[in-house]
Amino acid sequence: MTEHDGSGTGGGRDGDRRKRPAPDDRRPARTDGPVRRGRPADGGRAERREDSPRDGARGGSRGAAGRTSERDRPTRDGSRRANDRDGSAQRRDDRPRGGGGRVPEERGGTRLTPKSPRLPEPRIREGVTGKEIDRGVKNQLRTLSKENAEGVAQHLVMVAELLDVEPQAALAHAETAVRRAGRVPAAREALGLVAYRLGDWARALGEFRTVRRLSGSSHLLPLMVDCERALGRQSKALELAQSDEAGRLAIDERAELAIVVSGIRRDLGQLDAAAAGLTELVRSISPGRPSAPRLYYAFADAKLEAGDVDAAREWFARAADADHELTTDASERLDDLDGVEVTDLLDDEQGDTGGETGA
């Protein structure tokens, strides 16, 4: 099959292989000077060379006198007419310019057309203004228009409110914030936290990596290591936990990272290493730090797993004393070790009521 040269002729005849002049707005294959719009590539010299003996020897469609036939004579704009296989004339300029047979777009093009319809946004609770976010997030939203920044801030507030009680609803707000502010680290972090809460480890890890790339901050490194652990990539998790950026974390973030690494060691059956990795931090951190209760709890749990019940009891007690927000069940674990049996009176009352009804 003969490859089409994009000239637009309907030729295909073996005898018509002469090089045709380029259209007025397309660069010719070879030229010795600039091509001017509205003139043939050879500057109009094609007509003056019609009687050239050399052209007559090369051209397969010329008559005995060497003259160009009427159908091959150049037109005013430099194009030629050629017969197709059915004998019908076709102008080479009838094809759209630009190559590849692509039809040029109308003015404005598809660039101004929305790529997809705008999705409906979840409802904002009455009273939420968006001003509830902290100063750091407000600074990030300054890159947006005022109206967009207010809307994104409202959705971020809703994510914080719903994360622990209705994570699916929080997901809708987080996805909306990312659609409206995809390059704002706070929006990507919110989506990552919701995905982490829902157990979508791969998506959470991707969002946390994006936050690190956009902000240059490694504060989400503990969660990234935990995602790698949840995905079954313990070696990758440990490698990330021992990276240079881990050494630059703040004290609370270092404590959270140490808790995750301790859990990985326990997964691998390295019980002594799981407790040893926490020893330095539990003795140096202040009980008033936000991460102290969880750190004490993780250390007590690791000690109990290793068989050191006395140490476990001591550190469960410290965790319970430091846990003013009741983020752990340290008190219950301590009661279990002391042999204290807790009875739920509410369940007993419901049981008695049910027995009387059945009687």
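Computed from a prediction, not measured in an experiment: that's the story for all the values here.

**Here we look at unusual backbone geometry**
Phase 1: Even without being a glycine, Leu326 presents a positive backbone phi close to 55°.
Phase 2: Locating Leu326 in the fold gives a position in the loop between helix H13 (309–322) and helix H14 (330–338).
Phase 3: Leu326 gets classed as exposed once you look at its relative accessible area, which sits at 69%.

**Considerations on a positive patch on the surface**
Phase 1: Taken together, the side chains of Lys131, Arg135, Lys138, Arg142 and Lys146 present a region of like positive charge at the surface.
Phase 2: Structurally, Lys146 is set in helix H4 (residues 146–162).
Phase 3: A relative accessible area of 67% places Lys146 in the exposed class.

**Digging into H4**
A turn of α-helix holds 3.6 residues, and therefore any two residues three or four places apart point the same way.
Phase 1: The end-to-end C-alpha separation of H4 is 25 Å, in line with the 24 Å expected for 17 residues at 1.5 Å each.
Phase 2: Turning to H4, its buried residues are Asn148, Ala149, Gly151, Val152, Ala153, His155, Leu156, Val157, Met158, Val159 and Leu162.

**Brief notes about the confidence of the model for the chain**
Phase 1: The share of residues in the chain with pLDDT of 70 or more is 62%, and the mean pLDDT across the chain is 77.
Phase 2: In this model residues 1–71 is a low-confidence stretch, pLDDT under 50, and it forms 73 contacts with partners more than four residues away in sequence or in other chains.
Phase 3: Low pLDDT, under 50, characterises residues 87–93; the stretch is placed with 25 contacts to residues that sit more than four places away or in other chains.

**Some details on the layout of surface pockets**
Phase 1: In this structure, the second largest pocket spans a volume of roughly 710 Å³.
Phase 2: In this structure, the second largest pocket is lined by 23 residues; those nearest its centre are Tyr196, Leu223, Glu256, Ile259 and Arg294.
Phase 3: At eight residues, the largest contribution of residues to the lining of the second largest pocket is made by helix H10 (residues 251–267).

**Notes on helix H11 (residues 271–284)**
Phase 1: Of all the bends in H11, the greatest, near 35°, is centred on Leu278.
Phase 2: Residues of H11 that are buried sit in contact with H10, helix H12 (292–305) and H13.

**Considerations on the pattern of salt bridges**
Phase 1: Per the counting criterion, the structure on display carries 17 salt bridges.
Phase 2: The shortest N-O distance in the salt bridge between Glu228 and Arg209 comes to 3.1 Å. Linking Glu228 in helix H8 (residues 221–230) with Arg209 in helix H7 (residues 201–215), this pair joins segments that are 19 residues apart in sequence.
Phase 3: Classification of Glu228 by relative accessible area gives buried; the value is 1%.

**Thoughts on the environment of Leu257**
Phase 1: Within the secondary structure, Leu257 is located in helix H10.
Phase 2: Once the C-alpha coordinates of Leu257 and Leu221 are considered, the two residues, 36 residues apart in sequence, prove to be 7.4 Å apart.
Phase 3: With residues near it in sequence (within four places) discarded, Leu257 still touches Leu221, Pro222, Val225, Ala241, Ala246 and Leu249.

**Description of the packing of aromatic side chains**
Phase 1: Tallied over the entire structure, the rule returns five aromatic pairs.
Phase 2: Taking the centre distance of 6.5 Å and the plane angle of 50° together, the rings of Tyr196 and Phe208 count as tilted. Residue Tyr196 is found in helix H6 (residues 185–197), and its partner Phe208 is found in helix H7; the two are separated by twelve residues along the sequence.
Phase 3: Take Phe208: its relative accessible area is 0%, and that puts it in the buried class.
Phase 4: The interplanar angle of 70° and the centroid separation of 5.3 Å between the aromatic rings of Tyr297 and Phe316 together place this pair among those described as edge-to-face. Of the two residues, Tyr297 sits in helix H12 while Phe316 sits in helix H13, which places them 19 residues apart along the sequence. Neither residue differs from the other here; Tyr297 and Phe316 are each classed as buried.
Phase 5: Each residue in the set Tyr196, Trp201 and Phe208 is aromatic and connected to the rest through ring pairs, giving one cluster.
Phase 6: Sitting above the plane of the Trp315 ring, Arg318 keeps its charged end 4.1 Å from the centroid.

**Examining the packing of H10 against H12**
The relative placement of two packed helices is expressed as an angle between their axes plus a distance between the axes.
Phase 1: Where H10 meets H12, the axes come as close as 10 Å, and the angle between the chain directions of the two elements is 20°. Between H10 and H12, the interaxial angle falls into the category roughly parallel. In the crossing of H10 with H12, the sense of the turn from one axis to the other is left-handed. Across the interface between the two elements, Ala255, Glu256, Ile259, Ser262 and Arg266 of H10 pack against Arg294, Leu295, Ala298, Asp301, Ala302 and Glu305 of H12.

**A few points about the environment of Ala177**
Phase 1: Considering the arrangement of structural elements, one finds Ala177 in helix H5 (residues 167–180).
Phase 2: We classify Ala177 as buried; its relative accessible area is 0%.
Phase 3: With 22 residues separating them along the chain, Ala177 and His155 place their C-alpha atoms 6.1 Å apart.
Phase 4: Apart from residues no more than four positions distant in its own chain, Ala177 is found in contact with Val152, His155, Leu156 and Ala187.

**Description of the side chain of Arg188**
Phase 1: Within the element layout of this structure, Arg188 appears in helix H6.
Phase 2: Every residue in contact with Arg188, bar those within four places of it in the chain, is listed here: Val178, Gly182, Glu207, Thr210, Val211 and Leu214.

Reading the values: the criteria
- Residues numbered from 1 in each chain as written.
- Predicted model: local features only at pLDDT ≥ 70, side-chain atom pairs only at ≥ 80, totals over all residues.
- Heavy atoms only, no water.
- Helix = DSSP H or I, 4+ residues; strand = E, 2+ residues; numbered from the N terminus.
- Buried < 20%, exposed > 50% of the residue type's maximum accessible area, 1.4 Å probe, protein only.
- Patch = residues over 30% accessible without salt bridge, like charges linked within 9 Å, V, L, I, M, F, W, Y side chains within 5 Å.
- Areas by Shrake-Rupley, 256 points an atom, 1.4 Å probe, with all protein chains shown as cover.
- Salt bridge = Lys/Arg side-chain N within 4 Å of Asp/Glu carboxyl O.
- Lys, Arg positive; Asp, Glu negative; His and termini not counted.
- Charge placed at Lys NZ, Arg CZ, Asp CG, Glu CD.
- Expected span 1.5 Å × (residues − 1).
- pLDDT = per-residue confidence, 0-100.
- Contact = heavy atoms within 4.5 Å.
- 1 Å grid on protein atoms, 1.4 Å probe; cavity = no way out; pocket = protein on both sides within 12 Å on 5 of 7 lines; lining within 4 Å.
- Points joined across faces, edges and corners; volume = space filled by probe spheres on them.
- Bend = angle between axes of the 7 residues up to and from the residue.
- Phe/Tyr/Trp six-rings, centres within 6.5 Å; stacked < 30°, edge-to-face > 60°.
- Lys NZ or Arg CZ within 6 Å of the ring centre and 35° of its normal.
- Axes fitted to C-alpha atoms, helices over the stretch in contact; angles between N-to-C directions.
- Parallel < 35°, antiparallel > 145°, perpendicular 65-115°, else oblique.
- Left-handed = near helix turned anticlockwise from the far one by under 90°.

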